[in-house]
Amino acid sequence: MSVAPVAADEPAPAEKPDATRARPDGWWKSAVVYQIYPRSFADSNGDGMGDLPGILPRLDYLKRLGVDVVWLSPVYVSPQDDNGYDIADYTDVDPVFGTLADLDAVIAGLHERDMKLMMDLVVNHTSDEHPWFAESRDPGSAKRDWYWWRPAREGHQAGTPGAEPTNWGSAFSGSAWQFDETTGEYYLHLFSPKQPDLNWENPEVRRCVYAMMRWWVDRGVDGFRMDVINLISKPTELLDGPIADAQRYSPAFVPVANGHRLDEFLAEMNREVGLDVANLISVGEMPGASIDTALAATDPSRRELGMVFTFEHVSLDQVPGGSKWDLADLPLPVLKGNLAVWQEGLAEVGWNSLYWNNHDQPRAVSRFGDDSAEFRIPSAKTLGTVLHLHKGTPYVYQGEEIGMTNTNFTDISQYEDLESVGYHAEALTLGLEAEAVLRSLSVKSRDNARTPMQWDDRSHAGFSEGIPWLPVNPNYVVVNAHAAVNDPDSVFHHYRRLIELRHRDPVVVHGRFALLLPEHDRLWAFTRTLENTVLLVVANMSAAALELPTDQLPDLTGAVLVLGTHGQTDGSTLAPWESRILRLA
Ligand code: TEU
């Protein structure tokens, strides 16, 4: 076990990890990752907030589901401005979640069950309450250059509108620059003003980050999910970006994402932390990443990352050139076509992650399925079939495995997420209709994914004995883990069977993907081929029965149903939201 950090702000430079740890090469390619958003997972002490001791009793539930890795969203010390994605101490646990000893217990509990822990790594920015940033506020401090401090735009009075160093907008709302009265300068924050961006051009910043990562690996962590990691390399000259008509600011990611030193920094991180040497799992969250970015980052010969999260498929149901709040329909050919492009793009080199939702995205069954009473279960199961039969590492977001749905907030006072609250305020000042803004929030707010995990039909869904920080979705009386585990036809057991299939059959992990009937607007059909094994997936992505176009599909003679959503069906008609995995002769 590692010793405590040697200095307040820097963990002990632990030895590079022992490469003999039980992690065979590429183990994460056949793994399934389950994301825990700790504040909403399980509350052990009745304060209404999920915590680490609440996770321990639920590990057997995750083991039964069959997942291999837990991605734990941040539990570090944080003022919780962005629910922990604003870190004030990278090597300690925030008291609201418990203690380092509690985290050690979760790591041990996972390892005892042959599961692994992937920590959430947020190093594009810190909290403004991190000691590093507090020091950097002093222009004479060596840490001034640890962040992006800049004077007012030339010819402008510091602190006045338009004096910001560039016209960049925060990913949330407002300018990406915060004025500091004391020094008359601005600091960059691509997210909230309480999330100042670290300056990765400074080698001291990078050295401290790598030392901290090694400290966690030495503590037993098996890998990292890297928050907005493709934003860490900023352009050396910060210039104005393009502004579209309806925009007040230039989208911050445009001039920043996928910067010129990104691959250099990722390769350096891999070397310094031993990501490959120790066969750690790594996934880079990359908003705005293209397939070329992903290829560069996940090409094993470049020793950067194992995989990345693309944002393309979760940006298709918005108006092109607009924001996530500008809702648009999503025809099936567009969705399945995008996933197929990523399958093809990383077919030979690199590796895909596969996800429908996470703590930032609305609930999958509400967004891509049908969360009505009649079709919630079959559509949730079919979304699982389609995603888990693509090539890549699947990610299950807490509650997805029981078909949890978006919540039903009707008033802005119900929302907690700073992104949602900020959007509401900014939209109203821009003159948007309140009703339309609330509609966008009900469809896309991140709070949809953050209502407490629904464990059973007791009060607050068994999540807490106290009043939850965010109201439980009222449908918990029907949609809950207890009911799902005790129903062999539930979404839970379908996900469990999908995970079992991945663990059992190499074609699911390594088989070549081929999309069939790309223009069909209700049928999602594709094959996975490995040597002489061919699996065919057919999925009816609609609320009406669908006659299989057998003349346009591979010969189904002798096909064997491997796993279906509607029992042992074999006719040529798919029921609404029915999917089948067939092994072709
Ligand atoms: O999200 C990165 C990101 O781009 C999100 O802001 C996403 O675009 C948006 O939430 C969609 O609504 C990561 C974390 O996952 C998110 O929770 C944090 O708020 C953000 O970074 C800042 O750390």
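Thresholds applied
Residue numbers here run from 1 along each chain, matching the order of that chain's written sequence. Per-residue local features are limited, in this predicted model, to residues with pLDDT of at least 70; the limit for side-chain atom pairs, both in listing and counting, is 80 or more; totals at the level of whole chains, interfaces and linings are taken over all residues. Excluding hydrogens and water, the side-chain values take into account all heavy atoms of the structure. Two strands qualify as a pair provided that DSSP identifies no fewer than 2 bridges between them. Each helix is a run of DSSP H or I of at least 4 residues and each strand a run of E of at least 2, with the numbering of both proceeding from the N terminus. For the purposes of this section, nonpolar cores are sets of buried Ala, Val, Leu, Ile, Met, Phe, Trp, Tyr and Cys residues that join through side-chain atoms within 4.5 Å. Buried, partly exposed and exposed residues are distinguished by accessible area as a fraction of the type maximum, computed with a 1.4 Å probe on protein chains only: under 20%, between the cut-offs, and over 50%, respectively. Contacts are residue-level and defined by heavy atoms, with any inter-residue pair within 4.5 Å sufficient. Method remark: on a 1 Å grid restricted to protein atoms, a set of points is classed as a cavity if a 1.4 Å probe fits but cannot get out and as a pocket if it is open with protein on both sides within 12 Å along at least five of seven lines; lining residues have an atom within 4 Å of a point. Grid points are joined across faces, edges and corners, and a volume is the space filled by probe spheres set on the points. Under the scheme applied, nonpolar residues are Ala, Val, Leu, Ile, Met, Phe, Trp, Tyr, Cys and Pro; charged residues are Asp, Glu, Lys and Arg; polar residues are all the others, including Gly. Domains are outlined according to an automatic or database domain assignment. When two parts are put together, the accessible area they lose, computed with a 1.4 Å probe and summed over both, is reported as buried area. Just to be clear on terms, a salt bridge is a Lys or Arg side-chain nitrogen sitting within 4 Å of an Asp or Glu carboxyl oxygen. Under this definition, polar contacts are N or O atom pairs within 3.5 Å; protein pairs additionally need one hydrogen-donor-capable and one acceptor-capable atom, and for neighbouring residues in sequence, both atoms have to be side-chain atoms. Being near a molecule or strand, for a residue, comes down to having at least one heavy atom within 4 Å of it. In this description, accessible areas are obtained by the Shrake-Rupley approach with a 1.4 Å probe, and a residue is regarded as covered only by the protein chains that are shown. Expected span of a helix: the number of residues minus one, times 1.5 Å.

Attention shifts here to the sheet that holds strand S6 (residues 149-150). Whenever strands of a sheet pair, they do so through backbone hydrogen bonds, lying parallel or antiparallel. In spatial order, the strands read S6-S9-S8; together these three strands make up an open sheet with antiparallel pairing. One side of each edge strand has no neighbouring strand; the edge strands of this open sheet are S6 and strand S8 (177-180). With two bridges connecting them, S6 and strand S9 (residues 185-188) associate as antiparallel partners. Note on S9: the bridge partner recorded for Arg 150 is Tyr 186.

Within the largest apolar cluster, 144 residues are counted, with the highest numbers of intra-cluster contacts made by Met 213 and Phe 224. It is helix H5 (residues 203-218) that contributes the most residues to this core, nine residues altogether. Other than its neighbours up to four places away in sequence, Phe 224 contacts Met 118, Met 119, Leu 121, Met 213, Trp 216, Val 217, Val 273, Leu 275, Ile 281, Ser 282 and Val 283. Counting 17 residues, the second largest nonpolar core, distinct from the first, contains Trp 148, Ala 163, Leu 231 and Val 256.

Let us now look at empty space enclosed by the protein. Here the structure, examined in full by the defined rule, presents five cavities of 30 Å³ or more. Of the voids in this model, the largest cavity is the one considered here, and its volume is about 110 Å³. Around the largest cavity sit Thr 310, His 313, Asn 338, Leu 339, Trp 342, Gln 343, Asn 352, Ser 353, Leu 354, Tyr 355, Leu 387 and His 390, which together line it. Elements represented by at least two residues in the lining of the largest cavity include exactly helix H9 (332-345) and strand S14 (353-354). A total of four residues in the lining of the largest cavity trace back to one element, the largest contributor, which is H9. Classifying every residue of the lining of the largest cavity by side-chain character gives five nonpolar, seven polar and no charged.

What follows deals with the domain arrangement of the protein chain. Each assigned domain of the protein chain is listed here: domain 1 (28-126 + 202-494), domain 2 (131-188) and domain 3 (512-583). Each of domain 1 and domain 3 has a C-alpha centre, and the two are 30 Å apart. Both faces considered, domain 1 and domain 3 share a buried interface measuring about 2200 Å² in area, 70% of it formed by carbon and sulfur atoms. Per-residue buried area on domain 1 facing domain 3 is highest for Leu 332, Lys 336 and Leu 389; these three make up 28% of the total on that side. Taken together, domain 1 and domain 3 are joined by two salt bridges. In this structure, the salt-bridge partner of Arg 512 is Glu 348, at a minimum N-O distance of 2.3 Å. Counting every contact that joins domain 1 to domain 3 gives 11 residue pairs in polar contact (both at pLDDT 80 or more). Sorting the residues of the side of domain 1 that touches domain 3 by element identifies H9 and helix H11 (376-388) as the ones contributing at least two each. Ranked by the residues each element gives to the side of domain 1 that touches domain 3, the list is headed by H9, at nine residues. Its residues assigned to classes, the side of domain 1 that touches domain 3 comprises 13 nonpolar, eight polar and six charged.

Here the idea is simple: oppositely charged side chains can pair when their charged atoms come close. Following the criterion strictly, the structure yields 36 salt bridges and no others. When the shortest N-O distance is used, the salt bridge between Arg 219 and Asp 104 registers 2.7 Å. Of this pair, Arg 219 sits in the loop between H5 and strand S10 (223-226) while Asp 104 sits in helix H3 (residues 100-112), and the two are 115 residues apart along the sequence. A relative accessible area of 12% places Arg 219 in the buried class. The partner of Arg 303 in a salt bridge is Asp 276, and the shortest N-O contact between them spans 3.8 Å. One end of the pair, Arg 303, is in the loop between helix H8 (291-298) and strand S13 (307-309); the other, Asp 276, is in the loop between helix H7 (262-273) and strand S12 (281-285), with 27 residues separating them in the sequence.

Now for the environment of Leu 65. Relative to the helices and strands, Leu 65 is located in helix H2 (residues 59-65). As for Leu 65 and Glu 401, which are separated by 336 residues in sequence, their C-alpha atoms are 8.5 Å apart.

It is worth spelling out the site of the ligand at this point. The immediate surroundings of the ligand are formed by 19 residues, with Asp 82, Asp 227, Lys 324, Asp 360 and Arg 446 found nearest. Between the ligand and Glu 419, the relevant distance is 3.0 Å, taken from an oxygen atom to a side-chain nitrogen or oxygen of the residue. A distance of 2.8 Å is found between an oxygen atom of the ligand and a side-chain nitrogen or oxygen belonging to Arg 446. Here the ligand has 480 Å² of accessible area as a free molecule, and 94% of this is covered by the chains. Looking at the shell around the ligand residue by residue, the classes come out as seven nonpolar, three polar and nine charged.

Here H7 is 12 residues long and its end C-alpha atoms lie 16 Å apart, about the 16 Å a rise of 1.5 Å per residue gives. Of the residues making up H7, those classed as buried are Leu 262, Phe 265, Leu 266, Ala 267, Glu 268, Met 269, Asn 270 and Val 273. Against strand S5 (116-121), H5, S10 and H8 lie the buried residues of H7. At the exit of H7 stands Gly 274, carrying a positive phi of roughly 80 degrees.

Of the pockets and cavities examined, the second largest pocket occupies roughly 530 Å³. As for the second largest pocket, its lining consists of 21 residues, and the residues nearest its centre are Asp 317, Ala 328, Leu 330, Ser 366 and Arg 367. Looking at which element gives the most residues to the lining of the second largest pocket, the answer is helix H13 (residues 434-444), with four residues. Of the residues belonging to the lining of the second largest pocket, the class tally is 11 nonpolar, four polar and six charged.

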